[in-house]
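Residues per chain are reported as follows:
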Amino acid sequence: MSYVAHIVGSLADSGNVLAQLWQTAMDNLALASAQAGHPLPTGPGDPTWGDNPAITREMLPATLQTLGTTLLSGFFTILLGLPLGLLLVALGPKGLLENRTVFQVVSFIVNVVRSFPFIILVIWIAPFTRLVTGTSLGWKAACVPLVIGAVPFFARLVETNILSVDEGKIEAAKMMGARRAQIMWGVQVREVLPALIQSTTVLIITLIGYSAITGTLGGGGLGQMAMNYGYNRYQSDTMLVAVVLFVVIVQVFQMVGDMLSRLVDHR
């Protein structure tokens, strides 16, 4: 019996040591978190809703990060995707710069990039992201894969819109002596401007959804909040607030896009 008691006592002592080590680790984590200016993540049984620091202190910065990621990546996507879409139309059949070989090459590259599952693309180009931004973490770094993944998508939307322009208007512009650039921007883009704004709205909303994916991989924003607190820490309140904010942001961008599309539509 004394032998058994000795074993039980040893196990109890070991348990006490492990508990002390765990408490020390938690204290160190709390200290590091406080020094970094971030609240210690909470879990089941901890304060919720208005008492939850994840909601009261971290949600607003995360929302601003999501907006920053969306707007910055959207700007560069439009900057690169619009000319690419025009180029696809110009190189294609009956285009202003018709060239079947070059068109097929450019179209193939666009299709290849579009074929990548986005989460795989984010991981695969992480070295390039670090080269561009100096890191693969944070909302600014998340813009790199977002732009690379969205440019081909937006280019195809632009191509579809431009192809709907009446060929008679293009021929009329040619007969009046308009240059190719004037036809592209003054006729093709102008004629489908409402549709282009709608396509831009689709792009922005798609980027909002993709930003949630980058957030789960360390890209900041509401996606990271939902992952770190809502999923990993079982905080259903944080998850719900993040989802509601996503819905609100999407609705606002959709309303603005619809309004701008109506304003420029003079048909």
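Residues numbered from 1 in each chain as written. Predicted model: local features only at pLDDT ≥ 70, side-chain atom pairs only at ≥ 80, totals over all residues. Heavy atoms only, no water.

## Quick notes on the overall build of the chain
Rules: A run of H or I in DSSP becomes a helix once it reaches four residues, and a run of E becomes a strand once it reaches two; helices and strands are each numbered from the N terminus. Only protein chains enter the area calculation, which uses a 1.4 Å probe; residues under 20% of their type maximum are buried, those over 50% are exposed, and those in between are partly exposed. Should any heavy atoms of two residues lie within 4.5 Å, those residues are considered in contact.
On a plain count of helices and strands, the chain comes out with twelve helices and zero strands. Taken across its 267 residues, the chain has 37% of its residues classed as buried. Sequence-distant contacts in the chain: of pairs separated by 6 or more residues, those separated by 24 or more amount to 71%.

## Re the packing of aromatic side chains
Put simply, the rule reads: Working definition: a ring pair exists when centres of Phe, Tyr or Trp rings (six-membered ring for Trp) sit within 6.5 Å. Plane angles under 30 degrees give stacked, over 60 give edge-to-face, the rest tilted.
In the structure shown here, the tally under the stated rule is three aromatic pairs. When the ring of F75 is compared with that of F76, the centres are 5.2 Å apart and the planes differ by 80 degrees; the resulting orientation is edge-to-face. Their ring planes at 10 degrees and their centres at 4.5 Å tell us that F118 and Y210 sit as a pair that is stacked. Of this pair, F118 sits in helix α5 (residues 118-124) while Y210 sits in helix α10 (residues 193-219), and the two are 92 residues apart along the sequence. Classification of F118 by relative accessible area gives buried; the value is 8%. Overall, Y210 belongs to the partly exposed group, its relative accessible area being 30%.

## A short note on a nonpolar patch on the surface
Keep this limit in mind: Nonpolar side chains (Val, Leu, Ile, Met, Phe, Trp, Tyr) are joined into patches within 5 Å and like charges within 9 Å, using only residues with over 30% relative accessible area and no salt bridge. Calculation of accessible area relied on Shrake-Rupley with a 1.4 Å probe; when residues are assessed, cover is drawn exclusively from the protein chains displayed. Only one rule defines a salt bridge in this text: a Lys or Arg side-chain nitrogen within 4 Å of an Asp or Glu carboxyl oxygen.
A cluster of nonpolar side chains, L240, V244, V248, V252, V256, M259, L260 and L263, forms an exposed patch at the surface whose accessible area comes to about 670 Å². Accessibility expressed as a relative area gives 41% for M259, which makes it partly exposed.

## Details of the packing of helix α8 (residues 167-175) against helix α9 (residues 180-191)
In helix packing, the relevant descriptors are the interaxial angle and the interaxial distance, both defined with respect to the helix axes. Worth spelling out the cut-off: Angular values range over 0 to 180 degrees, each being the angle between N-to-C directions of two axes fitted as lines to C-alpha atoms, with helices fitted over their stretch in contact. Note on terminology: angles under 35 degrees are roughly parallel, angles over 145 are roughly antiparallel, angles of 65 to 115 are roughly perpendicular, and the others are oblique. Take the far helix as the reference: if the near one is turned anticlockwise from it by less than a right angle, the crossing is left-handed, and if turned clockwise, right-handed. Each residue is assigned to one of three groups, with Ala, Val, Leu, Ile, Met, Phe, Trp, Tyr, Cys and Pro labelled nonpolar, Asp, Glu, Lys and Arg labelled charged, and all others, Gly among them, labelled polar.
Interhelical geometry of α8 versus α9 gives an angle of 155 degrees and a closest axis separation of 11 Å. Compared by their axis directions, α8 and α9 come out roughly antiparallel. Judged by the sense of rotation from one axis to the other, the crossing of α8 with α9 is right-handed. Each of K169, I170, A173 and K174 in α8 lies in contact with α9, whose residues at this interface are I183, V187, Q188 and E191. The residue inventory of the contact of α8 with α9, partitioned by class, reads four nonpolar, one polar and three charged.

## A word on the packing of helix α4 (residues 100-115) against helix α7 (residues 139-162)
The contact between α4 and α7 brings their axes to 8 Å, and the two run at 125 degrees. The pairing of α4 with α7 is recorded here as oblique in orientation. Like other packed secondary-structure pairs, α4 and α7 cross with a definite hand, here left-handed. Note on element contacts: α7 touches α4 through I148, P152, F153, R156 and E159, opposite F103, S107, V110, N111, V113 and R114.

## Observations concerning the environment of V256
Topologically, V256 is positioned in helix α12 (residues 236-264). C-alpha separation for the pair V256 and T201, spaced 55 residues apart in sequence, amounts to 8.4 Å.

## Here we look at the confidence of the model for the chain
Filter applied, for reference: Per-residue confidence from the prediction method is given by pLDDT, with values spanning 0 to 100.
With 80% of its residues at a pLDDT of at least 70, the chain reaches an overall mean of 81. Contacts for the low-pLDDT stretch residues 1-42, under 50 throughout, to residues beyond four places or in other chains number 19 contacts.

## Topic: the pattern of salt bridges
Enumeration according to the criterion identifies three salt bridges in this entry. Residue E159 is joined to R156 by a salt bridge in which the shortest nitrogen-to-oxygen separation is 2.7 Å. Here E159 pairs with R156, and both are found in helix α7, just three residues apart, close to one helical turn. We note that E159, like R156, is buried. One salt bridge in this structure joins E191 and K169, with 2.7 Å as the shortest N-O distance.

## What to know about the side chain of R156
Test applied: We call two N or O atoms a polar contact when they sit within 3.5 Å, provided that within protein one can donate a hydrogen and the other can accept it, with sequence-adjacent residues counted only if both atoms are side-chain atoms.
Assessed through its relative accessible area of 13%, R156 is described here as buried. In this structure the side chain of R156 is engaged in a polar contact, spanning 2.7 Å, whose partner is the side chain of S107. With near-sequence residues (within four places) excluded, R156 lies in contact with L88, S107, V110, N111 and R114.

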